[in-house]
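Spelled out from the first residue to the last, the chains are:
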Amino acid sequence: MILSLLFLSLNLSSLFRCSIARGGTLHRSDRSGYLDGSIYGHLGRRLYSENNQMSEEEYIEKLEKLAEGYMSNSDLEKAMKEFNSRCSNISRIYSIGKSVLGVPLWAVEISDLPGAKEAEPAFKFIGNVHGDEPLGRELLLLLANWLCDNYMKDPLATLIVDGVHLHILPSMNPDGFSLRRRGNANNIDLNRDFPDQFFRVNDDMDLRQPETKAIMKWLEDVDFTASASLHGGALVANYPWDGTEDTKKYYYGCPDDKTFRFLASVYSRSHYNMSLSKEFPGGITNGAYWYPIYGGMQDWNYIHCGCFELTLEISDNKWPNASEIPTLWGYNRMSMLSLVAGLVKTGLHGRIFSSDNGRPLPASVAIRGINYTIAASKTLADYHRLLAPGKYEVIASMPGYRSKSACVVLGEGAVKVDFVLDPETSYNGTQPLLDSGCDFDSKTGFQVLDFLPASQLEISMLLILILAFFCFLMKRRVRSNHLNYKQSLGARRVVV
Ligand SMILES: [Zn+2]
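Going by an unreviewed UniProt entry, the protein carries the name Carboxypeptidase SOL1 and comes from Sesamum indicum. Per UniProt, the protein has the following entry under Cofactor (unreviewed entry): "Zn(2+)".

Asker: Tell me about the pairing of strand β13 (residues 390-397), residues and numbers included.
Answerer: The buried fraction of β13 amounts to six of the eight residues, a majority that puts the element mostly inside the structure. As defined by bridge partners, strand β10 (residues 364-367) adjoins β13 across four bridges and the pair is classed as antiparallel. Looking at the pairing, Ala 366 lines up with Ile 395 of β13. Pairing analysis gives seven bridges linking β13 to strand β14 (residues 404-410), with the strands arranged antiparallel. Each residue of the ladder has a partner; that of Ile 395, found in β14, is Ser 405.

Asker: Which residues make up the state of the cysteines, and what are the values?
Answerer: Enumeration over the complete set of coordinates arrives at two disulfides. Across a sulfur-sulfur distance of 2.0 Å, Cys 87 and Cys 148 are joined as a disulfide pair. Judged by the sign of its S-S torsion, about -100 degrees, the cystine formed by Cys 87 and Cys 148 is left-handed. With Cys 87 in the loop between α5 (73-86) and β1 (91-98) and Cys 148 in helix α6 (residues 135-150), this residue pair connects regions lying 61 residues apart in the sequence. Among the residues examined, Cys 87 registers a relative accessible area of 0% and is labelled buried. Residue pairing for Cys 407: its cysteine sulfur links by disulfide to Cys 438, the two sulfurs lying 1.9 Å apart. The sign of the -75 degrees torsion about the S-S bond sets the Cys 407-Cys 438 disulfide as left-handed.

Asker: Can you explain the UniProt feature "active site" (unreviewed entry) in the protein? Please cite residues and give values.
Answerer: Following the UniProt record, the feature "active site" (unreviewed entry) maps to Glu 313 here. Its location among the elements puts Glu 313 in strand β8 (residues 308-315).

Asker: Got a sec to walk through the sheet that holds strand β3 (residues 122-126)? Specific residues and values, please.
Answerer: Within the open sheet, the eight strands sit side by side as β1-β2-β4-β3-β5-β8-β6-β7. Their pairing is mixed. Each edge of the open sheet is held by one strand with a lone partner, namely β1 and β7 (284-286). Sheet twist, expressed as the mean angle between neighbouring strand axes with direction ignored, is 25 degrees. Where β3 and strand β5 (residues 226-231) come together, four bridges link them in parallel fashion. When the bridges of β5 are listed, Lys 124 appears paired with Ser 227. Docked against the sheet, α6 engages β2 (104-110), β3, β4 (165-169), β5 and β8, running at close to 145 degrees with respect to β4. Relative to β8, helix α10 (residues 257-270) is tilted by about 35 degrees, and along the sheet it contacts β6 (234-239), β7 and β8.

Calculation criteria
- Residues numbered from 1 in each chain as written.
- Predicted model: local features only at pLDDT ≥ 70, side-chain atom pairs only at ≥ 80, totals over all residues.
- Heavy atoms only, no water.
- UniProt positions renumbered as here; feature names shortened; annotations may be inferred.
- Buried < 20%, exposed > 50% of the residue type's maximum accessible area, 1.4 Å probe, protein only.
- Helix = DSSP H or I, 4+ residues; strand = E, 2+ residues; numbered from the N terminus.
- Pairing = 2+ DSSP bridges.
- Disulfide = S-S within 2.5 Å.
- Axes fitted to C-alpha atoms, helices over the stretch in contact; angles between N-to-C directions.
- Contact = heavy atoms within 4.5 Å.

Dropping the structure here:
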């Protein structure tokens, strides 16, 4: 009876609750010439010397030809502002800082409630980290416009706009773009400018580039669950770690290697031909296995911000002819959408509350066996833990509160688990051991380890009954509007 009620409440709640929810060999080996401050930089000079039949003027003309048909920085700003005014109901435009030359780093947020704090995951796309890899900035504008055009028409667009706060920074390096080179105006490779876990080369704040500082500040302001940066020069989805401690090249997975492989595969398999790569099996690669880099953005995101970042190499050619952009958009569109929608359709989500006053608790969430912890958001205490399908024991903990854990089996859909933590002072018993493990033999595919004392258990069941009744009422109210796509989420919810 109790189990039936619990599952009834789970099924009903899933109906009304919305989503829970680095390019190429040249790119990586190009580490020289950082002090060359000339207008076309070290890369330009090197290519120029390699093509020395060409005069410098001819070379500059060649570079300019490469950019024909691409948006200039002012075109990009205009396109973003036009997007925002055309789609003002689901977007806002803001700047996260300025480049060395003072160009604003414009970003757009796409959501049904842009700018609002919601118990939803946030995703960021960053394009043009390297100035000479401009395809990403074009594709990101196409993505924004596609979402706007298809909101409330296409289930995937609607799912993303309603269930995710998607932030898009089409160009992290506008100066590099206008200079037609990899580095920024100071000729620094921005994907080597972040603090590194092994080497302290970038620890001096005063030497950090303004574009890097802007990204770091951005992650203080927004709780990003996941992100991707877009590069060119290869065709592969790259995941952490990007470097090894001894600088040698070998596979070096981070604690969430399984999840990262899953996420990278979501991108490559949804892509027109990335997964068919002969160089990279499945179209994915561990960064350090490909070639180690230090000071990269993706490792920093994962280590310091709880943000699962991929580095996506989306075209073998860094400067594909502009006429190919629509085709390349077609190749990447479903990958980009699937990656963002994955924040709602997969993983473990929920909120954490205090049992004494119902206050949201910014507790930490850990998975047994994975040496990595994410934090629930400070204001709403929602958490979004990306995970590959599998069986997990999730543990919520907060200083001053008794930890609780739940066992979950993640299949195709997302699972929602809310935690209600008891203050340590309100409990007189002994702290239960959390190493009891999970019995995954159960055919229900879901169980909860409940550590509540008997008296609180009764209260909890009463609350679940009330919740089930409330769910039933809510279901009736919103079913007609949201049934189709929310059913497709298949998320289950439970309170622990
Ligand atoms: Zn790049």
